[in-house]
Amino acid sequence: MNIGRYKQRLIELEASLSSRMARDVKSGREQLIDTAADAGDASVADEAESEDFTEAQLDATILQQVQDALQRIEKGTYGQCLIDGGPIDPKRLDAVPWTPYCIRHQKLLVAASRPKPTL
Ligand SMILES: [Zn+2]
C-alpha cells in the first residue's frame with residue numbers, strides 16, 4: 001500500500017479544512033450581524049448562523065479524523081481497522097482516506113448509533 005499517497009491527501013485535506021473552518025466561522029458571524037441589521041428579524045439571523053455553524057462542526061469532526069489518521073501513519077497503523085486491526089479495503093481508503101474502520105465495523109457503528117425504535 002502506498003502510504004505516502006494517502007499521507008499527501010490527508011495533509012492537503014487538513015490544510016483546506018482548517019482554512020475553510022476559519023472562514024465559515026467568520027462568515028457565520030458576519031451574516032448574523034448583517035441579516036439581523038437588515039431584516040430586524042432575529043430568527044432569520046439564527047437560521048443563517050446555525051447553518052454555517054453546523055457545516056463548521058462537520059468540518060471539525062472530519063478534521064479531527066484526518067489528524068487522527070495522520071497520527072496513525074506516524075505510528076505505522078494506518079489502514080488497519082481500529083476495532084479488529086484488520087486491513088481496510090484500499091478502495092475505501094481512496095474514497096475516505098481518514099476512515100479508522102473497515103466497512104464491516106463502520107456499518108455496525110452506524111447501526112449502533114441510530115436511535116433505537118421504541119415499542
Ligand atoms: Zn473492522
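We now turn to the structure provided with this report. Note that this is a predicted model, so its numbers are computed, not measured.

A few points about the pattern of salt bridges
Pairs may arise between side chains of opposite charge once their charged atoms sit close together.
Part 1: Evaluation of the coordinates by the stated rule reveals four salt bridges.
Part 2: Between R20 and D59 there is a salt bridge whose closest N-O contact spans 2.6 Å. One end of the pair, R20, is in helix α1 (residues 3-39); the other, D59, is in helix α2 (residues 42-75), and 39 residues separate them in sequence.
Part 3: You can call R20 partly exposed: its relative accessible area is 36%.
Part 4: Assessed through its relative accessible area of 2%, D59 is described here as buried.
Part 5: A salt bridge links R104 to D84; the shortest N-O distance between them is 3.6 Å.

Some points on the coordination of the zinc ion
Four donors placed tetrahedrally around a metal ideally meet at 109.5 degrees, and six donors placed octahedrally ideally meet at 90 or 180 degrees.
Part 1: The zinc ion binds to the protein through C81 (SG), C102 (SG) and H105 (ND1), with metal-donor distances spanning 1.8 to 2.3 Å.
Part 2: On the primary sequence, the residues serving as donors to the zinc ion are separated as C-x20-C-x2-H.
Part 3: Of the residues examined, C102 reaches a relative accessible area of 11% and is grouped as buried.
Part 4: Residue class for H105 comes out buried when judged on its relative accessible area of 8%.

Observations regarding the nonpolar core
One broad trend across soluble globular proteins is that nonpolar side chains are buried collectively.
Part 1: Counting residues in each nonpolar core, the largest one holds 16 residues, and the members touching the most others are L10, V66, Y78 and W98.
Part 2: Mapped onto this core, the elements with two or more residues apiece are α1 and α2.
Part 3: Counting residues per element, this core draws most heavily on α2, at six residues.

Cut-off values and rules
- Residues numbered from 1 in each chain as written.
- Predicted model: local features only at pLDDT ≥ 70, side-chain atom pairs only at ≥ 80, totals over all residues.
- Heavy atoms only, no water.
- Salt bridge = Lys/Arg side-chain N within 4 Å of Asp/Glu carboxyl O.
- Helix = DSSP H or I, 4+ residues; strand = E, 2+ residues; numbered from the N terminus.
- Buried < 20%, exposed > 50% of the residue type's maximum accessible area, 1.4 Å probe, protein only.
- Donors = N, O, S within 2.8 Å, 3.2 Å for Na, K, Ca; no water.
- Core = buried A, V, L, I, M, F, W, Y, C linked by side-chain atoms within 4.5 Å.

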